[in-house]
Amino acid sequence: MPKAVAEIVIVISPLFFIGLISKVKSLWAGRKGAPVLQPYYDFFKLMGKGEVISTTTSPVFRIAPSIGIAATFFALTIIPIPVFGSVIHFEGDFVLFAYLLGLSKFLMVLGALDTGSSFEGMGASREVTYSTIVETAFFIVIGSLALLTRHFSFETIFASVNLASGFSPLVKILLVVSLFIMLLAEGSRVPVDDPNTHLELTMIHEVMVLDYSGPDLAFIQYTASLKMTIISILIADLLVPSSLALIPACALSASIVALVFVSVGVVESLIARSRISHIPQFLFLMTTLSLTSFAVVAFFLFGIIR
Amino acid sequence: MIDFLAGAALIFAGGFAAIFVVEKAKAWAFFVFAAAAQLFILPPAFGTLLNGGQLVLPVHFSGPIGTAYLRLDPLAALFASVTSVGALLTSIYSIGYMKMYRGQRAALSSYFFFVGMMSASMLLVEVTQNVILFLIVWEIMSVSSFFLVAFENGDDEVRKSSLYYFIAMQAGVAFLIAALAWASAASGSLDFSSFAAVLCKHDSVSMLLFVLFFVGFGTKAGIVPMHTWLPRAHPAAPTGVSALMSGVMIKTGIYGILRILLLSGIPDYRLAYGVLVVSVITGIFGVMNAIAQHDIKRLLAYHSIENIGIIGMGIGVGMLGLVYNNPLIAMLGFFGAVLHVVNHFTFKSVLFYGSGVVYSQTHTRNMDNLGGLSKYIPLTSLMFLIASLAITGLPLFNGFISELAIYLGLARSFSEGSIAMVVAALFGFSGLAFIGAMALLCFTKVYGICFLGLPRTKYHVEPNERERTLLVPMGILTVVIVGIGLLPWLTIDLLKNVVMEFVPSLNPDQLVPLTGIFRTISGALAALIGLTGLFFGLRAFLLRKRKVSRYKTWDCGYQVGSSRLQYTSSSFAQPFLHLVAELVPQKIHVEKQPVLFPEEASLESHTQDLSERYIFRPSIGILNKFLNLFSWIQSGRMQQYIMYGLVFLVVLLIWILGIK
């Protein structure tokens with residue numbers, strides 16, 4: 001029962017975290033800013049609106065946001081919530097997790113190309129290009145966790161990751177930073193993408209969804225925030241000890257997730273969006289960090305470093 | 001076993017019969033024979049697959065062949081069923097597709113004749129286990145497919161490609177002849193089963209033999225760097241044949257590698273690592289080059305290379321499992337590999353058939369001229385979309401299942417003792433993820449550019465899909481794609497005997513967890529479909545009283561855009577190709593008038609295949625230089641040639657009669 005409550009809380013929370021980011025940015029800039037719950041108002045406003053659909057499009061355009069949100073919801077059921085565990089788990093579930101996000105991406109890219117707009121084509125092209133780097137690095141992250149724990153399912157991996165031996169803090173730091181970079185990339189945040197610069201040639205995700213409106217746009221915005229929440233829960237999974245009691249564990253995980261989003265806001269306040277040509281270099285940082293963590297785990301396990 | 005041979009003979013007879021009937025009936029005649037052949041081939045093949053064991057038929061020849069054994073074991077049965085069904089589907093597809101060549105009676109006769117011959121020879125390749133007979137049917141397969149690739153030989157490009165294909169096949173078979181001759185000399189028998197004694201030894205001979213076999217069969221399969229014939233031959237051939245070649249024929253190379261592996265017992269660890277690493281490189285190289293292509297069939301040909309890489313990765317994981325005596329890893333690897341053989345046959349055939357529909361309607365294979373096809377040919381585009389999702393390995397479809405098995409095998413390798421194994425496993429693990437992400441890029445490009453958006457050039461005739469025989473084979477395969485994707489545990493029963501052949505130490509109970517995983521996935525995917533329906537329903541519910549208007553695409557206020565302004569396949573791939581510019585070198589040729597307001601400009605880009613540039617061109621150059629040393633022999637003067645003949649006769653006489 002508490003597990004169901006936890007899942008529901010997570011399903012409701014993503015838009016709050018988006019509001020949290022804007023609040024942090026406003027406060028940092030010395031403004032009062034929109035209320036933290038603003039994304040919810042926007043969400044319900046969009047849900048109540050009609051739509052304008054391009055005459056160029058085919059049914060793919062209309063079904064893409066629904067598949068995207070459903071696949072991302074499903075990805076949520078696979079990742080374990082600290083101390084509660086996951087709804088669906090089996091050996092190799094991380095493959096299903098990554099490929100569900102891939103399914104959602106595939107359809108969203110097709111939705112963008114369906115409009116025939118060159119802007120959206122550009123965004124789509126960048127999105128898939130950068131995901132080749134991020135996805136590979138994500139599997140290296142999983143690989144180092146599997147090597148460290150010798151388990152092959154998210155739930156068992158994270159249940160035992162905290163029991164591993166003394167060198168794990170270093171590995172954890174590397175993996176947390178890797179996942180944070182993944183969160184910035186997948187969530188289309190600075191320095192990879194800037195969600196505030198509508199209609200500029202430098203954008204990725206926002207430009208892909210230019211032609212969506214009404215409930216479809218609401219789905220898309222919710223999906224993006226849910227994806228970020230999912231990755232931040234993975235970060236919490238790495239850090240929250242599984243031996244903790246229910247209440248402190250929940251409090252700790254919630255504050256870690258909130259902290260992740262606050263950091264996103266801080267990053268956005270501190271640095272500008274990278275030049276497009278520099279983004280791959282930033283993303284390769286994730287590859288490097290995850291490879292380093294893999295190497296550290298391997299060296300320790302095989303006794304090369306003691 | 002006799003019925004199996006009868007089936008193969010029927011397919012060949014179908015092609016032969018097609019010569020003698022009127023033009024319109026040729027395709028139907030071949031189809032009837034091919035359909036009848038299924039009744040003879042599939043029962044023994046499926047019987048062997050499901051029940052294990054093997055069917056043996058000794059055939060007595062005179063002369064050097066002697067007694068040849070034809071054996072149908074589960075491995076052969078799997079490949080034979082794929083071949084047989086592939087031949088049938090191509091025969092259906094050809095009914096509609098070959099209408100393009102109406103009036104070319106002789107060409108059509110040769111087409112069906114050689115399709116029959118190629119299909120029958122592929123079936124025989126899979127059961128023949130005698131060195132000489134094997135080489136004969138192998139060569140028949142290569143030669144008959146050469147004539148099919150050269151079908152449109154009026155075209156200069158096609159002629160060049162088909163010759164390239166022919167030469168590549170002969171180069172490949174040279175390795176096979178060397179390997180087979182060596183192995184039979186060392187074992188003293190022409191029968192494959194006696195090679196086991198030589199191949200199991202773990203000495204330098206067995207290693208070298210395996211490498212020779214791997215290169216020889218790998219040339220057929222399209223393993224990098226011997227893959228260069230694929231992107232030439234596949235686009236040149238008529239589409240039904242491209243599908244047959246890509247879906248079935250290149251798998252005979254995989255079959256050969258698996259057959260040799262089966263005879264090698266527990267492989268040497270160096271070979272296992274070698275196969276895994278070469279396969280990962282093959283996969284990455286294939287898909288990376290595919291992204292750069294503009295020609296849809298050439299792109300699909302590069303994807304065949306990618307998928308051969310994935311199959312090879314499965315084989316590599318399986319071999320590593322055997323080396324480290326871990327039946328579970330071995331099972332996962334081989335299971336993934338053979339399932340991917342079947343899966344690749346299904347989705348790649350659909351993709352080729354789909355590209356054939358596009359080509360028959362628009363007469364172009366250049367994606368930059370296409371667009372918006374889903375409005376004209378909705379069924380084709382739906383099936384093409386499903387196959388695209390499947391080849392990318394996304395859940396709901398069959399590609400996911402085989403890739404998952406390989407991922408699982410690789411992940412389990414992390415818990416094995418050796419650091420080499422761990423590093424190799426990571427290479428495969430992240431390599432497969434990289435391949436998957438690139439395939440996503442490539443197929444969003446193919447589908448998005450060809451089928452969505454607006455036509456980039458005007459279609460002279462409105463494309464349609466009235467020719468239903470083109471859709472039937474695609475439909476059948478699409479059902480299989482979705483079926484395996486949603487009910488994956490059924491494949492375990494089908495393939496377990498093949499896997500058990502490779503991993504004799506596997507306890508059938510060890511398959512139970514995999515069945516459990518597949519059942520969980522099956523339930524999860526059903527729920528995913530339900531959830532999608534729920535959201536789509538919610539959307540419809542919310543919009544029922546709202547205004548949904550249709551308007552032009554929002555192009556940031558710019559209203560006079562033309563469909564030529566859309567992103568093209570080249571521009572879509574550009575950011576990625578920029579990242580990998582060293583690995584996929586592009587030649588870009590820009591032409592524009594050197595004035596302030598140029599009225600015309602053009603840009604062309606070609607990709608170069610690294611293996612051709614750095615391996616084949618230089619080595620062919622060296623070979624040419626060497627052979628040029630002997631060019632004086634060929635003077636072109638008749639008198640000189642007569643003199644050669646005379647000298648030869650005199651030497652022969654002396655040799656026969658003796659010098660003394």
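Model, not experiment: these values are computed from the prediction.

Reading the values: the criteria
Residues numbered from 1 in each chain as written. Chains lettered and ligands numbered in written order. Predicted model: local features only at pLDDT ≥ 70, side-chain atom pairs only at ≥ 80, totals over all residues. Helix = DSSP H or I, 4+ residues; strand = E, 2+ residues; numbered from the N terminus. Buried ≥ 20, exposed ≤ 12 C-beta atoms within 10 Å, placed from the backbone. Domains from an automatic or database assignment. Core = buried A, V, L, I, M, F, W, Y, C linked by C-beta atoms within 7 Å. Contact = placed C-beta atoms within 7 Å. Nonpolar A, V, L, I, M, F, W, Y, C, P; charged D, E, K, R; others polar. Axes fitted to C-alpha atoms, helices over the stretch in contact; angles between N-to-C directions. Parallel < 35°, antiparallel > 145°, perpendicular 65-115°, else oblique. Left-handed = near helix turned anticlockwise from the far one by under 90°. Expected span 1.5 Å × (residues − 1). Bend = angle between axes of the 7 residues up to and from the residue. Pairing = 2+ DSSP bridges.

Colleague: Whenever I open this one, unusual backbone geometry confuses me. Can you help?
Modeller: With glycine set apart, most residues show a phi of negative sign, and most peptide bonds adopt trans. The step from Val 190 of chain A to Pro 191 of chain A runs through a cis peptide bond, and the omega angle for that step is 10°. Position of Pro 191 of chain A among the secondary structure elements: in the loop between α8 (168-186) and α9 (205-208). A cis geometry characterises the amide bond from Val 224 of chain B onward to Pro 225 of chain B, with omega recorded as 5°. Mapped onto the secondary structure, Pro 225 of chain B falls in the loop between α8 (204-221) and α9 (230-236). A positive phi angle, close to 60°, is found at Val 83 of chain A, a residue other than glycine. As for its placement among the helices and strands, Val 83 of chain A is situated in the loop between α4 (59-78) and α5 (93-114). Judged by local crowding, Val 83 of chain A falls into the buried class, with 23 C-beta atoms found within 10 Å. The backbone phi angle of His 202 of chain B is positive, close to 65°, even though this residue is not glycine.

Colleague: Hey, could you run me through the domain arrangement of chain B in this one?
Modeller: Reports often express the size of an interface as the amount of accessible area lost when the parts come together. In terms of domain boundaries, chain B breaks down into domain 1 (1-205 + 222-260), domain 2 (266-532 + 566-571), domain 3 (572-607) and domain 4 (610-657). Computed from C-alpha coordinates alone, the two centres of domain 3 of chain B and domain 4 of chain B are separated by 44 Å.

Colleague: Help me out: how do you make sense of the nonpolar core in this one?
Modeller: A general trend in soluble globular proteins is that nonpolar side chains are found buried together. Counting 330 residues, the largest nonpolar core has Phe 97 of chain A together with Ile 291, Ala 387, Met 438 and Cys 450 of chain B as the members making the most contacts within it. Residue contributions to this core peak at 22 residues, all from helix α16 (residues 419-451) of chain B. Beyond its immediate chain neighbours, meaning those up to four positions away, Met 438 of chain B contacts Thr 132 of chain A together with Val 287, Met 288 and Ile 291 of chain B.

Colleague: In this structure, what is going on with the interface of chain A and chain B? I would like to understand it.
Modeller: Across the contact, 69 residues belong to chain A and 66 residues belong to chain B. At the level of elements, β1 (51-54), α4, α5, α6 (118-149), α10 (214-239) and α12 (279-301) of chain A are the ones that each hand at least two residues to the side of chain A that touches chain B. At 18 residues, the largest contribution of residues to the side of chain A that touches chain B is made by α6 of chain A. Taken together, the residues of the side of chain A that touches chain B break down into 39 nonpolar, 20 polar and ten charged.

Colleague: Explanation requested: the packing of helix α1 (residues 2-20) of chain B against helix α4 (residues 105-127) of chain B in the structure shown.
Modeller: The packing of two helices is summarised by the inter-axis angle and the distance between the axes. Residue and element names in this part refer to chain B. Packing of α1 against α4 brings their axes to within 6 Å, and their N-to-C directions diverge by 165°. Taken together, the axis directions place α1 and α4 in an arrangement best described as roughly antiparallel. You can see that α1 and α4 cross each other, and the crossing is left-handed. Residue-level contacts link Phe 4, Ala 8, Ala 9, Ile 11, Phe 12, Gly 14, Gly 15, Phe 16, Ala 18 and Ile 19 of α1 to Ser 109, Phe 112, Phe 113, Phe 114, Val 115, Gly 116, Met 117, Ser 119, Ala 120, Leu 123, Leu 124 and Val 127 of α4. Residues of the contact of α1 with α4, tallied by class, amount to 17 nonpolar, five polar and no charged.

Colleague: Explain α4 of chain A here, please?
Modeller: Owing to its 3.6 residues per turn, the α-helix aligns residues three or four sequence positions apart on the same side. All names here are of chain A. Here α4 contains 20 residues, and its C-alpha end-to-end distance of 29 Å stays within 8% of the 28 Å for a straight helix at 1.5 Å per residue. By the largest-angle criterion, Pro 65 marks the main kink of α4, which is about 25°. The buried fraction of α4 amounts to 17 of the 20 residues, a majority that puts the element mostly inside the structure.

Colleague: I tried to follow the environment of Met 245 of chain B on my own but got confused; where do I start?
Modeller: Residue and element names in this part refer to chain B. With respect to the secondary-structure elements, Met 245 resides in helix α10 (residues 239-263). Residue Met 245 is classed as buried on the basis of its C-beta count, with 25 C-beta atoms lying within 10 Å. The spacing of Met 245 and Leu 148 is 97 residues in sequence and 10.0 Å in space, taken between C-alpha atoms. Apart from residues lying up to four places away in sequence, Met 245 is in contact with Ser 145, Ala 233, His 234, Ala 237 and Ile 250.

Colleague: Would you mind showing me how to read α5 of chain A here?
Modeller: Over its 22 residues, α5 of chain A runs 31 Å from end to end, which matches the ideal 32 Å to within 8%, given 1.5 Å per residue. Among the 22 residues in α5 of chain A, 22 count as buried, and that is most of the element.

Colleague: Help me out: how do you make sense of the pairing of strand β2 (residues 67-72) of chain B in this one?
Modeller: The side chains of a regular strand alternate, first on one face of the sheet and then on the other. All names here are of chain B. Relative to β2, strand β1 (residues 55-60) runs antiparallel, the two being bridged by six bridges. By the bridge assignment, Val 59 is partnered in β2 with Ala 68. The turn linking β1 back onto β2 is made up of six residues, and Gly 63 within it adopts a positive phi angle of 75°.

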